Amino acid sequence: MTIAEVSKKYGLTADTLRYYERTGLIPAVPRNVHGIRVYDEESCKWIEFVKCMRGAGLAVDALAEYVALCQQGDGTRPRRLDILHEQRDRLWQRVQDMEATLDRLDRKINAYSDCLEPEERRLYQMEQAKRLRQRCPCQALCARQAE
């Protein structure tokens, strides 16, 4: 795949893909005889991995170290596992912090909702339920959990 095709497929700019490669977030992408990047299946798997990890806020330096270790072979597995555990712990703390923030927002929302007249409250609750259904990024997961 060309850089333009990969860019479109993953919703990343060509500059971002070049940055990923330049900084070691993905291994060097194979090139054709003209020096043009040709993204193969392995390159795309790395892009998916890094996009997911960066989307969750994992550190660039930790991911670059992880990729470098992967390229060094099986002897680096213990250190790779350490990196993954460290990043998971950091992510878990961020999730806890976000949940605390959500709880605080919910309390504020409830406090304002309690100030509404009964008819206003009913309309607000209907609108809120509609918004949640439309914006939930994990509708399939939410539906499975509700079962």
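Caption draft 1: Molecular detail of the overall build of the protein chain. Of the regular secondary structure elements, the protein chain holds 7 helices and 0 strands. When the helices and strands of the protein chain are placed in sequence order, the string is α-α-α-α-α-α-α. The globule rule puts the C-alpha radius of gyration for 147 residues at 15 Å, and the 22 Å found for the protein chain is more than 25% above it. Principal axes of the C-alpha set define a box for the protein chain whose edges measure 70 × 35 × 30 Å. For the protein chain, with 147 residues in total, the buried portion stands at 22%. Of all intrachain contacts in the protein chain linking residues separated by at least 6 positions in sequence, the fraction that spans at least 24 positions is 40%. For the protein chain, the exposed area adds up to about 10,800 Å²; of that, 55% sits on carbon and sulfur atoms. Separation of charge centres in the protein chain, based on 25 positive and 23 negative side chains, amounts to 3 Å.

Caption draft 2: Structural context of the pattern of salt bridges. Counted according to the given criterion, the structure contains 7 salt bridges. Put simply, Arg-37 and Glu-21 hold a salt bridge, and the shortest N to O gap is 2.6 Å. Of the two residues, Arg-37 sits in the loop between helix H2 (14-22) and helix H3 (41-55) while Glu-21 sits in helix H2, which places them 16 residues apart along the sequence. Each member of the pair, Arg-37 as well as Glu-21, is classed as buried. Residue Arg-77 pairs with Asp-74 through a salt bridge whose shortest N-O separation is 3.3 Å. Accessibility assignment for this pair places Arg-77 and Asp-74 in one class, exposed. Residues joined in a network through salt bridges with shared partners are Glu-21, Arg-31 and Arg-37.

Caption draft 3: View of the nonpolar core. Formed by 24 residues in total, the largest nonpolar core has its most connected members in Val-6, Leu-17, Ile-26, Tyr-39 and Ile-47. Residue assignment for this core shows that the elements contributing at least two residues are helix H1 (3-10), H2, H3 and helix H4 (60-72). Sorting elements by how many residues they give to this core places H4 first, with 7 residues. Leaving out residues up to four positions away in the same chain, Tyr-39 has contacts with Met-1, Thr-2, Ile-3, Val-6, Leu-17, Val-29, Cys-44 and Ile-47.

Caption draft 4: Quick peek at H4. With 13 residues, H4 extends 19 Å between its outermost C-alpha atoms, agreeing within 8% with the 18 Å of an ideal straight helix rising 1.5 Å per residue. By the burial criterion, the buried members of H4 are Ala-62, Leu-63, Ala-64, Tyr-66, Val-67, Leu-69 and Cys-70. Where H4 is buried, its residues meet H3 and helix H5 (77-114). Gly-73 lies just past H4 and shows a positive phi near 110°.

Conventions adopted
- Residues numbered from 1 in each chain as written.
- Predicted model: local features only at pLDDT ≥ 70, side-chain atom pairs only at ≥ 80, totals over all residues.
- Heavy atoms only, no water.
- Helix = DSSP H or I, 4+ residues; strand = E, 2+ residues; numbered from the N terminus.
- Rg over C-alpha atoms; globule rule 2.2 N^0.38 Å.
- Buried < 20%, exposed > 50% of the residue type's maximum accessible area, 1.4 Å probe, protein only.
- Contact = heavy atoms within 4.5 Å.
- Areas by Shrake-Rupley, 256 points an atom, 1.4 Å probe, with all protein chains shown as cover.
- Lys, Arg positive; Asp, Glu negative; His and termini not counted.
- Charge placed at Lys NZ, Arg CZ, Asp CG, Glu CD.
- Salt bridge = Lys/Arg side-chain N within 4 Å of Asp/Glu carboxyl O.
- Core = buried A, V, L, I, M, F, W, Y, C linked by side-chain atoms within 4.5 Å.
- Expected span 1.5 Å × (residues − 1).

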